[in-house]
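An overview of the molecular structure
Here's the letter readout for the chains.
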Amino acid sequence: MGNNLGISNTDDEEPSSNGTTRRDFLAQITYAGAGLTLVPLLAGTKDILPQAPPPNAETATINLTVNGQKHALNIDERTTLLDALRENLQMTGTKKGCDHGQCGACTVLINGRRVNSCLTFAAMCQGKEIITIEGLAKGDRLHPMQEAFIKHDAFQCGYCTPGQICSAVGLVNEGHVHNDADIHELMSGNICRCGAYQNIVDAIKEVQNIA
Amino acid sequence: MEPFKLIHPNDQHAAIASSGAANVKFIAGGTNLIDLMKLDIEKPAQLVDINSLKLQTIEALPNGSVRIGALVKNSDLAYHPVIVKNYPVLSEALLSGASPQLRNMATVGGNLLQRTRCPYFYDTSFPCNKRVPGSGCSAINGYNRNNAVLGTSTQCIATHPSDMCVAMAALGAIVHVEGLTGKRQIPFHEFHLLPEQTPQYETTLKHGELITAVELPPIRYSAKSHYLKVRDRHSYEFALASAAVALNVSNGRIEAARVALGGVGTKPWRSVEAEKALVGAAADEQSYRNAAEAALNGAKPFKDNAFKIELAKRTLVRALKTVGGMS
Ligand SMILES: Cc1cc2nc3c(=O)[nH]c(=O)nc-3n(C[C@H](O)[C@H](O)[C@H](O)COP(=O)(O)OP(=O)(O)OC[C@H]3O[C@@H](n4cnc5c(N)ncnc54)[C@H](O)[C@@H]3O)c2cc1C
Ligand code: SF4
Ligand code: FES
Ligand code: FES
């Protein structure tokens, strides 16, 4: 693959409450715990991020509308929407699980419909309304689906959660849910390794108003 | 992934004109092609993004046919009221495939051309005649639990993975295509090829030809139809065996029947043998069993997949019972 993507999974840069990013934290514990041997590896991480396309790549300038905001990006045409969000726009809320359409972690909404962002090229998403997990809340007010996930404890590690929530919002938009079995079937595109499924179903039922 | 050039024509003729050169491919939903490009199994030098073409509608034609644009999303087709009412077998087949997210992306044209899920086709460190012609088939003497029992050859035993295509095979759909030399209509049973000696060729579509639509001819009894899919997990999984059936039963006799199988054949497997066994027979379990025997008559098991022969028979019998019981 063109983009050195294997590294990016662990590379979330959301700052924690004391201002350190996860990578800083990792670096600190590594200094403390494993001596200096790992330092060059970690120090190099930032440089490996695929900001500049390799020399043989076809590049294009594209316009993406994400969460209502327009972005002009100069990218390698091979960039999937998932990588454009995470690597180019630094919006790491959308997660990469399998990168092959098999897990749903990368689910976003395009024109209101849920899709796997790992299986579409960013350059094919121009002119469309892309909504990610970062775009669901209105200011400080969480989306009802986010509220319901918190209320029902619908996650453990949280890695699948942005995809689950975007998928659940898409599910409600689609309007084909009448009972629990429908939720099970129509949420099957989102795998949860922690097995939070029952609570996810409860959260969706609350938003859907199914007793 | 190899670099490629991506163009976005919004005119059908321009799209066709730019696709003639070798190593140019159309891209629709991208759910199969991008997957395979990431694995360096597909390496197009140019991609023609066809999503701006006007091939997005589902129309009921005056002659009773339904014409489905090649870019109609699998989910839109599955939930379309005409399909739900008159062709439930197709709606159910679509909804049994992949996941809601993927169905929101996948198109009818792309689904027709999706490639096999044989694990050795996906793993570039193994020989595979379909991926690298002449390199050998790793599945024939390897792990072949998911491979085919019908239509196999000494060169390839891969199943065709599509659910939608099994329903379309049963319905006798017609594939409309357009190339530089004009338009053609391809009957469904002539669209996909058996592997024989050249498993790298999978359809009779010519390079550069665009699929524009799929037409479902009117079938009086297609409202009495059903798709049953059996697999290792309940959802989001390919078929081990599946059956698409439609029956016209009158006074307890079967007047007409359509039968196709999935998960067991090297192409979407219409079984004319099973249909012949059904027509004129009583609509009862014995007739359904006879039809299942006829459908699997030529099946050839491999080391790990003999179970599929019995599984396919039972799947077909159960699907026929379901439809036979529809009043
Ligand atoms: C995890 C996963 C699970 C899946 N499970 C199932 C399942 O259970 N059942 C099932 O049936 N399918 C399943 N699929 C496959 C899915 O249905 C296909 O990937 C999809 O239908 C392909 O459609 P697309 O529009 O995305 O095609 P693309 O990936 O865009 O294209 C596929 C091929 O078709 C060509 N093409 C596309 N449109 C045209 C056209 N109009 N004219 C000429 N050529 C064209 C492209 O050049 C390419 O070669 C699964 C896929 C994934 C990733
Ligand atoms: S069965 Fe076909 S696809 Fe699978 S390894 Fe053999 S040649 Fe390749
Ligand atoms: S990362 Fe896209 S489906 Fe797994
Ligand atoms: S909460 Fe951990 S994978 Fe779902």
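The sections below set out a description of the structure shown in this document. Given the structure is predicted, the values throughout are model-derived calculations rather than measurements.

Rules used throughout
Residues numbered from 1 in each chain as written. Chains lettered and ligands numbered in written order. Predicted model: local features only at pLDDT ≥ 70, side-chain atom pairs only at ≥ 80, totals over all residues. Heavy atoms only, no water. Helix = DSSP H or I, 4+ residues; strand = E, 2+ residues; numbered from the N terminus. Buried < 20%, exposed > 50% of the residue type's maximum accessible area, 1.4 Å probe, protein only. Contact = heavy atoms within 4.5 Å. Pairing = 2+ DSSP bridges. Axes fitted to C-alpha atoms, helices over the stretch in contact; angles between N-to-C directions. Buried area = accessible area lost by both parts, 1.4 Å probe. Salt bridge = Lys/Arg side-chain N within 4 Å of Asp/Glu carboxyl O. Polar contact = N/O pair within 3.5 Å; in protein donor to acceptor, adjacent residues only side chain to side chain. Nonpolar A, V, L, I, M, F, W, Y, C, P; charged D, E, K, R; others polar. Core = buried A, V, L, I, M, F, W, Y, C linked by side-chain atoms within 4.5 Å. Domains from an automatic or database assignment. Near = heavy atom within 4 Å. Phe/Tyr/Trp six-rings, centres within 6.5 Å; stacked < 30°, edge-to-face > 60°. Areas by Shrake-Rupley, 256 points an atom, 1.4 Å probe, with all protein chains shown as cover.

Helix and strand content of chain A: 7 helices and 5 strands. Listing each helix as α and each strand as β along chain A from the N terminus yields α-α-β-β-α-β-β-β-α-α-α-α. Within the span of chain A, comprising 211 residues, buried residues form 48% of the whole. Within chain A, contacts between residues at least 6 apart in sequence are counted, and of these 55% link residues at least 24 apart.

A word on the sheet that holds strand E12 (residues 269-270) of chain B. All names here are of chain B. On the basis of which strands lie adjacent, the open sheet formed by 4 strands has the order E9-E10-E11-E12 and antiparallel pairing. Looking at strand neighbours, the two that pair on one side only are strand E9 (225-230) and E12, the edges of this open sheet. As defined by bridge partners, strand E11 (residues 253-262) adjoins E12 across 2 bridges and the pair is classed as antiparallel. What sits directly across from leucine 261, in E12, is tryptophan 269. Of the strands in this sheet, E9, strand E10 (241-250), E11 and E12 touch helix H9 (residues 164-171), which is tilted by about 150° from E11. On the sheet, helix H13 (residues 307-324) packs against E9, E10 and E11 and is oriented at approximately 35° with respect to E10.

With that settled, consider the interface of chain B and chain A. Taken together, the 36 residues of chain B in the interface contact 35 residues of chain A. Taken over both partners, the interface formed by chain B and chain A buries close to 2900 Å², and the fraction arising from carbon and sulfur atoms is 56%. Summed over the shared surface of chain B and chain A, the result is 2 salt bridges. A salt bridge links B:Asp76 to A:Arg113; the shortest N-O distance between them is 3.1 Å. Across the contact surface, chain B and chain A share 18 residue pairs in polar contact (both at pLDDT 80 or more). Those elements that provide at least two residues to the side of chain B that touches chain A are strand E1 (5-7), helix H2 (33-38), strand E3 (46-49), helix H3 (74-78) and helix H6 (100-105) of chain B. Broken down by element, the side of chain B that touches chain A gets its largest block of residues, 6 residues, from H6(B). Looking at the side of chain B that touches chain A residue by residue, the class counts come to 16 nonpolar, 11 polar and 9 charged.

In this structure, B:Leu77, B:Leu90, B:Leu112, B:Met168 and B:Leu216 are the most contacted members of the largest nonpolar core, which totals 49 residues. Here this core gets 8 residues from one element, more than from any other, and that element is H9(B). Residue contributions to this core reach at least three from each of two domains, namely domain 1 (1-50) and domain 2 (225-324) of chain B. Apart from the residues lying within four places of it in its own chain, the contact partners of B:Leu216 are B:Ser65, B:Val66, B:Ile68, B:Ile83, B:Tyr87, B:Leu90, B:Leu171 and B:Ala173. Membership of the second largest hydrophobic core comes to 35 residues, among which are A:Leu81, A:Met91, A:Val115 and B:Ile27.

Okay, the pairing of strand E6 (residues 174-179) of chain B next. All names here are of chain B. E6 sits mainly inside the fold: 5 of its 6 residues count as buried. Inspection of the sheet shows E6 paired to strand E7 (residues 182-187) by 6 bridges, in the antiparallel sense. Considered in E7, the bridge of glycine 179 is made with glycine 182. Connecting the antiparallel pair E6 and E7 is a turn made up of 2 residues. Pairing analysis gives 5 bridges linking E6 to strand E8 (residues 210-216), with the strands arranged antiparallel.

With respect to spatial proximity, 14 residues lie near ligand 2, and among them B:Cys118, B:Cys128, B:Cys137, B:Cys156 and B:Ile157 are the closest. When grouped by side-chain class, the residues that make up the shell around ligand 2 number 9 nonpolar, 4 polar and 1 charged.

Residue and element names in this part refer to chain B. Counted according to the given criterion, the structure contains 3 aromatic pairs over all chains. Measuring from centroid to centroid gives 4.9 Å for tyrosine 120 and phenylalanine 126, while their planes differ by 70°, and the two rings are edge-to-face. For phenylalanine 126, a relative accessible area of 36% corresponds to the partly exposed category. Between phenylalanine 121 and tyrosine 122 the ring centres are 6.1 Å apart and the planes differ by 75°, which places this aromatic pair in the edge-to-face class.

Taken together, 35 residues lie around ligand 1, and B:Phe26, B:Gly30, B:Thr31, B:Thr107 and B:Asp163 are the ones closest in. Surrounding ligand 1 is a set of residues that belongs to chains A and B. B:Lys25 places a polar side-chain atom, nitrogen or oxygen, 3.2 Å from an oxygen atom of ligand 1. For ligand 1, whose free accessible area comes to 980 Å², the fraction covered by protein is 96%. Of all the elements in the fold, those that place two or more residues in the shell around ligand 1 are strand E2 (24-27), helix H7 (108-112) and E8 of chain B. Taken together, the residues that form the shell around ligand 1 break down as 14 nonpolar, 15 polar and 6 charged.

Read these as layout, nothing more, since geometry by itself doesn't imply function.
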